[in-house]
Amino acid sequence: QVTWPNAIDELEDVMFLNSGYRSRGFGTHVTPCSFSEFGAGRNTAAEWLRIGFHDMATTNAFVGTHGGVDGSIQFELNDGENIGLGFNTTLHTYANFFNSKLSIGDLVALGVYASTRTCGGPIIPMRGGRIDVTVAGPIGVPQPQNGQGIFINQFTRMGFNTTDMIKMTACGHTLGGVHAGDFNNIVAPGTVANDFQLFDNTLEFDNAIATRYVSGPDTDPLVVGISVANTRNSDFAVFTADKNVTIQAMTDAATFNSMCQDILQRMIETVDPSIVTLSPIIAPYEVKPEGLQLTLLSGGATISFTGDIRVRTTTRSVSSVSITYLDRTGAAGGTITTAVSGTASGFDDSFTFYGINANIPASSSISSFTVVVTGTSGTIETFNNNGAGFPISDSVIVQTPQSCLSNGNLTVLAAVRATVTTPVSLNVTEKVPRTAGSPIVSPVPSLVTTSTTMVKGAAVGPYNIYSGSVSYSSSSGLKYGVGSGTFADSFKDASALGTACSPLGTTLPSSTSSSTSSKTSTSSSATATPTLAHKATVGPYSYLGCYTEGVGVRALSSAAFYNYTGMTIEQCMSDCSGYSYFGVEYGGECYCGNALGTGSILAALSDCSFICPGNAFEYCGAGNRLEMYELTSLVSSSSVVQSTTSKTSSLSSVASSTSTTKTVTSTSSSSSVAPSQTLGIKQTVAGYTFQGCYTEATNIRALSSASFYDYTAMTLEACAADCVGYTYFGVEYAGECYCGNVINTGSVLAAASDCSMVCPGNEFEYCGAGNRLEMYKIGTVTVSTSSSSTSSTSTSSTLSTVVSSSTSKTSTTTTAKPTQTAPAIKPVIGSYKYYGCQTEGTNIRALTGASFYNYTSMNLEMCASNCAGYKYWGVEYGGECYCGNAWNTGSVNATASDCSFLCPGNSLEYCGAGNRLSAYYLP
Ligand code: HEM
């Protein structure tokens, strides 16, 4: 375990936080394995694996400038060796993750890890520390026409022998295939679906590339077909280089997996040893502080301490987490309790975040802490960060509430201990596009850092306040920090700042950090910490419940405010002061009104599941769901009888729903249909019996014979039907269905309560969780050691059924027309023409004629047909369609690129953004 903070911290987050709270979302670009956000005929996982090879392939292991995985590919897109759209789009994706702590080289390597893993391949050991070059490398990527002798020479130059070459190429060509549009002398255009011919007929990372080559039927276009006559059958040239010995060995699945793990690790660890020292292999931290922030409160007597402690829960069941801290002199400070702020997961790990929200005396302050994790069985683990505790410096602290971002200016306030006398500077790193030349130099921006001396202001308690301001051109990826001498509070996201700088506060961040009074004296003081919950009262308002929007009208339509980065319940309340109702929707939309619009009704409390961006302890509605409040003075006399009654019940369910744990009932009696269904574990589904909540296996899926994905409507019944014929089926992550005849080694029974995700297609069923499968077995047998006697022949025969069914699925979606491959602004939708990217109005929606919501399958055509008859319509935030005959006051034309959300129902179309409508008009 490395010591925190560490150079790999940013990479570690991007590597392991695929989904959930504080997720970085890298893995979502390649999940599931077959996914591409760029439409049919593309496969992002394959593109990520291929770019890993191409970035490395120009290296020369025998001369000074070695190269290797160094991000040089970004400057090599026009050299004729990197053919295909995948290189450009992949680099655009990586550019969003690129920053001063995460190089393109490391992202290229991480892409190899992620694509292999998401497709069921081995875990490629990952190290960090690659350094990017700023110019193209020499040419030298193997081309299909090169021939065997040249391939051997090229791989020798890269540092790999003939056996290595065969392994690496087979491990690469298990994913993806050849595009006829790019290589028409390998695949003839118009002969295969989407002009995309897979190498081995499966999307998975498996050894079919070897077994089909050895035993047939082989359809690898680099072995058979027109590539032979055109002398471009390069896989044949590669695999025969040792008379098929290596490829023959790879027909054993375990051998294939271990060879690929080894050779792909060596591929991504090909770096210039004279400038790069790679880190140790990255394992997830067992305990990691995330987003820690000290903030001086007004008066200067108190510091607010916020952030999260991330605990790895893959193999640990946690009951509570607390931290014990030392004051700035190193003496005992006190203990702070935490409350769960969210969970997240990666390909193989799960995590729970424990929020810190405490006030500590500014005079004694804090210098380090240890973390105490209490397990559900009472075990106590203490984490001291390899000895010295987790350090936290209070010498220079950025005052985020007093800092803001608006009109091209970043204003930052910092509190600096009066004892610090070195100059204080504001350091800002901006991403500047490399637009010079045509075609452009690189799709990846350069990082430009500026440093500005900050100006000293008032003294507040033991601190002096400094301020600074700089202008910027693009806020995208803008990072800032404050430093003085050896002290710094740095690497902060400017996008998390509000547009207005608040005065020095007393309670930060805007939550219920109540009394701090008696804390100063005792060293054992425990701070009461808030938990994530639906707030019962806020100022003069009381919680009504989770409400839907109205039918064809907003639930609250008098005024609206948007803040997708810092919204809290308190902020909406103050924006709506004077109105009878206010409600927060979709995490960042605040609506006010004096009455509820027609059709707005009480929904399940659990629907309002978005956590407020400005306060991790509050809920801020969801898509088409409002966290609804009414003036308390009106609640008692409310004529809406139903809302009053349901109010109490929904409120009382707050407590239970947040602390609910699933209980497994072992009754195996035949199910009687209860009059009212409740959410619970289903014991039997279509002839299958519940086995428990299982983890994934080691280096392989728990159930690895077939898989299906449906993140919008998965149910246990749907998965059972997809897996018919298999002994087991299991549903993971509320959308992934796996089938198999055995539970693979390493997959073990976990706590039933781990499988906590509700099925998107049935609110009464559970569908697993991250790294957890809701597991079912055919028949009514109970769990026992699974027999591995199932013959491999039956597995492979069922596999081929899967393959053919997925092939036919692809072909039905095929259109004969040339297919669009990248999202673009559509100039015409039916009889409507593109109008522009419009903002919302001032205190009113831009279009108020009618509205429709569909956050799962909205596209431009859907909105056009819903708005038929209106002069204008626009789609906002990916799923909201508004119609009208005039633009309301304040709605203006914004930059077209602001409308950057892809439509959930068509990833080639744009569907607005937060406070932006992709708008169309009737000419
Ligand atoms: C002699 C060596 C190699 C040659 C001549 C070669 C050639 C090719 C060609 C012509 C394509 C088709 C590209 C397209 O149409 O988009 C391709 C695709 C691919 N190659 Fe290779 N390759 C070689 C080695 C490798 C290696 C070592 C790897 C990785 C370890 C790799 C990974 C891939 C992947 C994943 C694809 C699929 C891309 C997609 O589906 O978009 N290749 N290769």
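What you are looking at is a predicted structure, and each value in this text was computed from that prediction instead of being measured. (Residues numbered from 1 in each chain as written. Predicted model: local features only at pLDDT ≥ 70, side-chain atom pairs only at ≥ 80, totals over all residues.)

1. A few points about the overall build of the protein
Logical step 1: Counting its secondary structure elements, the protein contains 17 helices and 49 strands.
Logical step 2: Looking at the 923 residues of the protein, the share that counts as buried comes to 47%.
Logical step 3: By sequence separation, contacts in the protein at least 24 residues apart represent 71% of the contacts at least 6 residues apart. (Helix = DSSP H or I, 4+ residues; strand = E, 2+ residues; numbered from the N terminus. Buried ≥ 20, exposed ≤ 12 C-beta atoms within 10 Å, placed from the backbone. Contact = placed C-beta atoms within 7 Å.)

2. Observations concerning the nonpolar core
Logical step 1: Core analysis: the largest hydrophobic core is formed by 134 residues, its most contacted members being L110 and A414.
Logical step 2: For this core, the element with the most residues is helix α4 (residues 104-118), which contributes 8 residues.
Logical step 3: Not counting residues up to four positions away in its chain, the partners in contact with A414 are V396, I397, V398, Q399, V424, M454, Y466 and V482.
Logical step 4: Listed in part, the 62 residues of the second largest apolar core include L556, M567, L847 and Y872. (Core = buried A, V, L, I, M, F, W, Y, C linked by C-beta atoms within 7 Å.)

3. Focus on the sheet that holds strand β4 (residues 287-296)
Logical step 1: Strand order in the open sheet made by the 5 strands is β1-β8-β9-β5-β4, with antiparallel pairing throughout. With one partner strand each, in any of the chains shown, β1 (19-20) and β4 form the two edges of the open sheet.
Logical step 2: The sheet contact formed by β1 and strand β8 (residues 339-345) spans 2 bridges and is antiparallel. Counterpart to S19 in the pairing with β8 is S345. (Pairing = 2+ DSSP bridges.)

4. Describing the packing of helix α2 (residues 44-56) against helix α3 (residues 85-97)
Logical step 1: The interhelical angle for the contact between α2 and α3, taken along N-to-C directions, is 95°, at an axis separation of 9 Å. Viewed along their axes, α2 and α3 adopt a mutual orientation that is roughly perpendicular. Contacts between α2 and α3 pair E47, W48, R50 and I51 from the former with G86, F87 and T90 from the latter.
Logical step 2: Among the residues making up the contact of α2 with α3, the classes are represented as 3 nonpolar, 2 polar and 2 charged. (Axes fitted to C-alpha atoms, helices over the stretch in contact; angles between N-to-C directions. Parallel < 35°, antiparallel > 145°, perpendicular 65-115°, else oblique. Nonpolar A, V, L, I, M, F, W, Y, C, P; charged D, E, K, R; others polar.)

5. Details of the environment of C723
Logical step 1: Mapped onto the secondary structure, C723 falls in the loop between α15 (716-722) and β35 (728-732).
Logical step 2: A C-alpha to C-alpha distance of 8.9 Å links C723 and F708, two positions 15 residues apart in sequence.
Logical step 3: Ignoring anything within four residues of it in the chain, the contact list for C723 reads A706, F729, C737 and C739.

6. So, the pairing of strand β17 (residues 446-453)
Logical step 1: Buried residues are scarce in β17, accounting for 0 of its 8 residues.
Logical step 2: Examined bridge by bridge, strand β16 (residues 425-432) and β17 share 8 bridges and lie antiparallel to one another. Each bridged residue has a counterpart across the sheet, and for V432 the counterpart in β17 is S446.

7. Topic: the site of the ligand
Logical step 1: A46, R50, F53, G172 and G176 are the nearest of the 27 residues found near the ligand.
Logical step 2: Listed by contribution, the elements that provide at least two residues to the shell around the ligand are α2, α6 (162-172), β2 (177-179) and α9 (234-239).
Logical step 3: Among the elements that make up the shell around the ligand, the one with the highest residue count is α2 (5 residues).
Logical step 4: Taken together, the residues of the shell around the ligand break down into 13 nonpolar, 11 polar and 3 charged. (Near = placed C-beta within 6 Å.)

8. Let's talk about the pairing of strand β42 (residues 832-839)
Logical step 1: Bridge count between strand β41 (residues 828-829) and β42: 2 bridges; the pairing is antiparallel. For I829, the partnering residue across the bridge sits in β42 and is Y832.
Logical step 2: Strand direction decides the pairing type here: β42 and strand β49 (residues 916-921), joined by 6 bridges, are antiparallel. What sits directly across from Q838, in β49, is L917.
Logical step 3: Alignment of β42 against strand β46 (residues 893-894), held across 2 bridges, turns out to be antiparallel. From the neighbouring strand, C837 faces β46, where its bridge partner is A894.

9. Overview of helix α5 (residues 148-158)
Each α-helix winds once per 3.6 residues, and so residues spaced three or four apart point in a common direction.
Logical step 1: Within α5, burial applies to F151, F155 and M158. The buried residues of α5 occupy an angular sector of 50° when projected down its axis, which confines them to one face.
Logical step 2: Two residues or fewer past α5, G159 is found with a positive phi of approximately 105°. (Arc of directions from axis to C-beta.)

10. Things to note about the environment of G105
Logical step 1: Inspection of the secondary structure assignment puts G105 in helix α4.
Logical step 2: For G105, a count of 26 C-beta atoms within 10 Å translates into the label buried.
Logical step 3: Along the primary structure G105 and G71 are separated by 34 residues, whereas in three dimensions their C-alpha atoms are 4.5 Å apart.
Logical step 4: Excluding residues within four positions of it along the chain, G105 makes contact with V69, D70, G71, R130, I131 and D132.

11. Section: unusual backbone geometry
Logical step 1: In this model, W4 is joined to P5 through a cis peptide bond whose omega is -5°.
Logical step 2: Within the fold, P5 resides in the segment before α1 (9-16).
Logical step 3: The residue after T31, namely P32, is reached through a cis peptide bond having omega -5°.
Logical step 4: By secondary structure assignment, the location of P32 is in the loop between β1 and α2.
Logical step 5: Located in the positive-phi region is N194, a residue other than glycine, with phi close to 55°.
Logical step 6: Tracing the sequence through the fold places N194 in the loop between β2 and β3 (196-198).
Logical step 7: When the 19 C-beta atoms within 10 Å are taken as the criterion, N194 is described as partly exposed.

12. Brief notes about the environment of K101
Logical step 1: Looking at the secondary structure, you find K101 in the loop between α3 and α4.
Logical step 2: The exposure class of K101 is partly exposed, given the 16 C-beta atoms found within 10 Å.
Logical step 3: Note: C-alpha distance between K101 and I8 (93 residues apart in sequence) is 7.9 Å.
Logical step 4: Excluding anything up to four places from it in sequence, K101 contacts E10 and F491.

13. A closer look at the sheet that holds strand β20 (residues 479-484)
Logical step 1: Read from one edge to the other, the open sheet built from 4 strands follows the order β17-β16-β20-β21, with strand pairing classed as antiparallel. Lying at the two open borders of the sheet, with one neighbouring strand each, are β17 and β21 (487-493). Each neighbouring strand pair of the sheet contributes to a mean axis angle of 15°, computed without reference to strand direction.

14. A look at the confidence of the model for the protein
Logical step 1: On average, the protein scores 83 in pLDDT, and the residues at 70 or more come to 87%.
Logical step 2: Note that residues 637-675 has pLDDT below 50 and, in this model, 33 contacts with residues that lie over four places away or in other chains.
Logical step 3: Low pLDDT, under 50, characterises residues 782-818; the stretch is placed with 24 contacts to residues that sit more than four places away or in other chains. (pLDDT = per-residue confidence, 0-100.)

15. Regarding helix α7 (residues 208-215)
Logical step 1: Residues of α7 that are buried: A208, I209, A210 and Y213.
Logical step 2: For α7, the elements touching its buried residues are α6, α9, α10 (245-249) and α11 (253-268).
Logical step 3: At the exit of α7 stands G216, carrying a positive phi of roughly 75°.

16. A look at the packing of α2 against α4
A pair of packed helices is characterised by two quantities: the angle between their axes and the separation of those axes.
Logical step 1: Axis separation between α2 and α4 bottoms out at 8 Å; the angle between their running directions is 140°. With respect to each other, α2 and α4 are oriented oblique. Crossing geometry of α2 relative to α4 is assigned as left-handed. Each of A45, W48, L49, I51, G52 and D55 in α2 lies in contact with α4, whose residues at this interface are V108, A109, G111, V112, A114, S115, T116 and T118.
Logical step 2: Residues belonging to the contact of α2 with α4 are distributed by class as follows: 8 nonpolar, 5 polar and 1 charged. (Left-handed = near helix turned anticlockwise from the far one by under 90°.)

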